[in-house]
Amino acid sequence: MEIGEVRKALISWGKVNFRQFPWRLTRNPYYILIAEVLLHRTRALQVVPVYERFILRFPDVATLSRAGKEELYNLLHSLGLFWRIEALYHLARIVVRDFSGQIPVEKHLLLSLPGVSDYIAGAVRCFAWDLPEVLMDTNTVRITGRLFGLPVRDSSRRSRKFAELLASLMDRDRPRDFYFALLDLADKICVAKNQPACHQCPVLVWCAHAARNTFQR
DNA sequence: ATCCGGCTGC
DNA sequence: GCAGCAGGAT
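This structure is a prediction, so every number in the text was calculated from the model and none was measured.

**Things to note about the UniProt feature "domain: HhH-GPD" (unreviewed entry) in chain A**
Right, on to step 1. The UniProt record marks residues 38–188 with the feature "domain: HhH-GPD" (unreviewed entry), using the residue numbering of this structure.
Right, on to step 2. From the first C-alpha to the last, residues 38–188 spans 21 Å; its make-up is 64% helix and 0% strand.

And the structure:
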């Protein structure tokens, strides 16, 4: 398959169907890190109002590092997953103390932060600095699996095979635009439940899953 | 491999 | 009502 054509189709579709979430209109690594933590197993539309209040109250890491747990709880409790509150509380203090208030670029330093693992470390690097990262989340894994015709399981998120396939698929010159396109495609077309809207899909002709669907009718 | 949590669309 | 959510911790 012409992988360059697939990338081009994805990115041009993504440009038209770009969802303007507030954390997508910035390259500030702190804002992006906060967004990724809040987006953890939480729908984007549910995060928007909480994120905006959070950023307004804590516009930078230094301000956040002076926050009490109680105020953080008041801002974030509606999102559940309360361990994230503890993580952000410590994260801000560590960044101020060890990294002079700058979100680190190096992956191993990002990974040392509480609440940050492979996905969030990669997402911050990708969306803040446009670095080519393999971002394995529910959506990118589902699209990868369908495109290459593999069954998508919960364990696929940690699958090396999936990581290699996504690495081969991703656009290393424009990773930021590529992943925005993938996430928007997963939301609008390549949906998890029901049948995906393959007839509207920009990469329909290269997709193994779509081929099976149309072949079966 | 399993759990987490409030919230929302279905 | 209930399944599932821009994963990470346990």
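Still more to cover.
**Points about the pattern of salt bridges**
Right, on to step 1. Tallied over the full model, the rule gives 11 salt bridges.
Right, on to step 2. As a salt-bridge pair, Glu86 and Lys69 come within 2.9 Å of each other at their nearest N and O atoms. One end of the pair, Glu86, is in helix H6 (residues 83–98); the other, Lys69, is in helix H5 (residues 69–76), and 17 residues separate them in sequence.
Right, on to step 3. A relative accessible area of 35% means that Glu86 is categorised as partly exposed.
Right, on to step 4. Measuring nitrogen to oxygen at the nearest pair gives 2.4 Å for the salt bridge that ties Glu133 to Lys107. Residue Glu133 is located in the loop between helix H8 (118–129) and helix H9 (138–148), and its partner Lys107 is located in helix H7 (residues 107–111); the two are separated by 26 residues in the primary sequence.
Right, on to step 5. For Glu133, a relative accessible area of 5% puts it in the buried group.
Right, on to step 6. One continuous salt-bridge network, built from bridges that share partners, spans Arg19, Arg24, Asp184 and Asp187.

**Here we look at the protein's contact with DNA strand C**
Right, on to step 1. The full set close to DNA strand C counts 23 residues, and Trp23, Leu39, His40, Arg43 and Arg157 are the nearest of them.
Right, on to step 2. Sugar and phosphate atoms form 48% of the subset of DNA strand C atoms that lie within 4 Å of the protein.
Right, on to step 3. Residue Asp137 places a side-chain N or O atom 3.2 Å away from a sugar or linking oxygen belonging to DNA strand C.
Right, on to step 4. Those elements giving two or more residues to the surface near DNA strand C turn out to be H8 and H9.
Right, on to step 5. Counting residues per element, the surface near DNA strand C draws most heavily on H8, which supplies 3 residues.
Right, on to step 6. For the surface near DNA strand C, the residue count by class is 8 nonpolar, 6 polar and 9 charged.

**Side note on the protein's contact with DNA strand B**
Right, on to step 1. As a structural note, the neighbourhood of DNA strand B is formed by Arg41, Thr42, Arg43, Gln46, His77, Ser78, Leu79, Gly80, Leu81, Phe82, Arg84 and Asp154.
Right, on to step 2. Atoms of DNA strand B within 4 Å of the protein: sugar and phosphate make up 50%, bases the balance.
Right, on to step 3. Within the side chain of Thr42, one N or O atom sits 3.3 Å away from a base nitrogen of DNA strand B.
Right, on to step 4. Among the residues making up the surface near DNA strand B, the classes are represented as 3 nonpolar, 5 polar and 4 charged.

**Let's talk about the packing of helix H1 (residues 3–16) against helix H11 (residues 175–188)**
A packed helix pair is summarised by two numbers, namely the angle formed by the two axes and the spacing between the axes.
Right, on to step 1. Running from N to C, H1 and H11 cross one another at 75 degrees; their axes reach a closest spacing of 8 Å. If you check the angle between H1 and H11, you find them roughly perpendicular. Of H11, the residues touching H1 (which contributes Leu10, Ile11, Trp13 and Gly14) are Asp177, Phe178, Ala181, Leu182, Asp184, Leu185 and Lys188.
Right, on to step 2. Looking at the contact of H1 with H11 residue by residue, the classes come out as 7 nonpolar, 1 polar and 3 charged.

Calculation notes
Residues numbered from 1 in each chain as written. Chains lettered and ligands numbered in written order. Predicted model: local features only at pLDDT ≥ 70, side-chain atom pairs only at ≥ 80, totals over all residues. Heavy atoms only, no water. UniProt positions renumbered as here; feature names shortened; annotations may be inferred. Helix = DSSP H or I, 4+ residues; strand = E, 2+ residues; numbered from the N terminus. Salt bridge = Lys/Arg side-chain N within 4 Å of Asp/Glu carboxyl O. Buried < 20%, exposed > 50% of the residue type's maximum accessible area, 1.4 Å probe, protein only. Near = heavy atom within 4 Å. Polar contact = N/O pair within 3.5 Å; in protein donor to acceptor, adjacent residues only side chain to side chain. Nonpolar A, V, L, I, M, F, W, Y, C, P; charged D, E, K, R; others polar. Axes fitted to C-alpha atoms, helices over the stretch in contact; angles between N-to-C directions. Parallel < 35°, antiparallel > 145°, perpendicular 65-115°, else oblique. Contact = heavy atoms within 4.5 Å.

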